[in-house]
Amino acid sequence: SAVISQKPSRDICQRGTSLTIQCQVDSQVTMMFWYRQQPGQSLTLIATANQGSEATYESGFVIDKFPISRPNLTFSTLTVSNMSPEDSSIYLCSVEERRGPFDNEQFFGPGTRLTVL
Amino acid sequence: DQQVKQNSPSLSVQEGRISILNCDYTNSMFDYFLWYKKYPAEGPTFLISISSIKDKNEDGRFTVFLNKSAKHLSLHIVPSQPGDSAVYFCAVSGTYKYIFGTGTRLKVLA
């Protein structure tokens, strides 16, 4: 299974600033995903990042707020821009390992806990 | 509108007994279902999955049941162990995207 690391593991940021979260995978993967888990909430998909193309954003999420880079098959970044306290959340990247039509799973990184003051 | 619901935010079970976690979904187009376990300060880890062509999948102490007509998914853990104490998320998939439930916090009492 893929091993995923994220940096930073946590951060406390001031309102109006931006934070870039890095996600590194130990193998080449086609699809990488960025999720958010707000306090007491489920994991919500922000966007899907494929190497060589623009990220695909879910409803409620926009590129200006959450720009994503995917420079190669093992790395991605998510930037949380112009932060407000409502952005306080755990941000997780994940990758999919697909072995067959009904044999796939997503592996998650450890998450980045962001607190915005 | 929540497509995946876990109506029990928490559950306490005595060690050695069965833990049953439930999940309901709304869209019959979902055809792949998963359970993830999450410990504090860690990312979710895959536990077990089931496709829509089955109604049961078993892996050791973990069994997932799928009732397509009721759009209901459940996870049985037997016997429950203190190390099973975690938050459990169900997830559904119809394409490459996973949609997660809100989670159930399981506490297994020694």
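Being a predicted model, the structure only gives us computed values, none of them experimental.

Engineer: Help me out: how do you make sense of the layout of surface pockets in this one?
Structural biologist: Rolling a probe over the atoms, with the probe sized like a water molecule, indicates the empty space that remains. Size it by volume and the largest pocket reaches roughly 560 Å³. Taken together, 21 residues line the largest pocket, and the ones lying closest to its centre are E58 of chain A together with Q3, Y98, I99 and F100 of chain B. Secondary-structure elements contributing two or more residues to the lining of the largest pocket are β5 (43-50) of chain A together with β10 (98-100) of chain B. Taken together, the residues of the lining of the largest pocket sort by class into eight nonpolar, ten polar and three charged. Put simply, the second largest pocket is a space of about 370 Å³. What lines the second largest pocket is a set of 21 residues, among which Q37, G40 and I90 of chain A together with K38 and R105 of chain B lie closest to the centre. Tallying contributions element by element places strand β11 (residues 112-116) of chain A first for the lining of the second largest pocket, with three residues.

Engineer: Could you clarify how one ought to interpret the packing of aromatic side chains in this entry?
Structural biologist: Per the counting criterion, the structure on display carries twelve aromatic pairs over all chains. Relative to Y91 of chain A, the ring of F66 of chain A lies with its centre 6.5 Å away and its plane at 45 degrees, an arrangement referred to as tilted. Here F66 of chain A is found in the loop between β6 (56-57) and β7 (68-72), whereas its partner Y91 of chain A is found in strand β9 (residues 89-100), with 25 residues between them in sequence. Classification of F66 of chain A by relative accessible area gives buried; the value is 4%. The exposure class assigned to Y91 of chain A is buried, which follows from its relative accessible area of 0%. Considering the side-chain rings of Y98 of chain B and F100 of chain B, the 6.4 Å spacing of their centres and the 55 degrees angle between planes classify their relative orientation as tilted. By way of ring pairs, the aromatic residues Y35 and F108 of chain A together with Y36, F46, F89, Y98 and F100 of chain B are connected into one cluster.

Cut-offs applied
- Once a new chain begins, its residue numbering starts again from 1 and follows that chain's sequence as written.
- To read the labels, note that chains go from A and ligands from 1, taken in the order they are written.
- Predicted model: local features are reported for residues with pLDDT of at least 70 only, side-chain atom pairs are reported and counted for 80 or more only, and whole-chain, interface and lining totals are derived from all residues.
- Each side-chain value is worked out from all heavy atoms of the structure, with water and hydrogens disregarded.
- The way it works is a 1 Å grid over only the protein atoms, where trapped points that fit a 1.4 Å probe form a cavity and open points with protein on both sides within 12 Å along at least five of seven lines form a pocket, and then any residue with an atom within 4 Å of a point lines it.
- Grid points are joined across faces, edges and corners, and a volume is the space filled by probe spheres set on the points.
- Counting from the N terminus, the helices are DSSP H or I runs at least four residues long and the strands are E runs at least two residues long.
- Each residue receives one of three labels: charged for Asp, Glu, Lys and Arg, nonpolar for Ala, Val, Leu, Ile, Met, Phe, Trp, Tyr, Cys and Pro, and polar for the others, Gly being one of them.
- Note on aromatic pairs: the rings of Phe, Tyr and Trp (six-membered ring only in Trp) are paired at centre separations within 6.5 Å, and the planes decide the class, stacked below 30 degrees, edge-to-face beyond 60, tilted for the rest.
- Relative accessibility decides the category of a residue: with a 1.4 Å probe and only protein chains considered, values under 20% of the type maximum give buried, values over 50% give exposed, and everything between is partly exposed.

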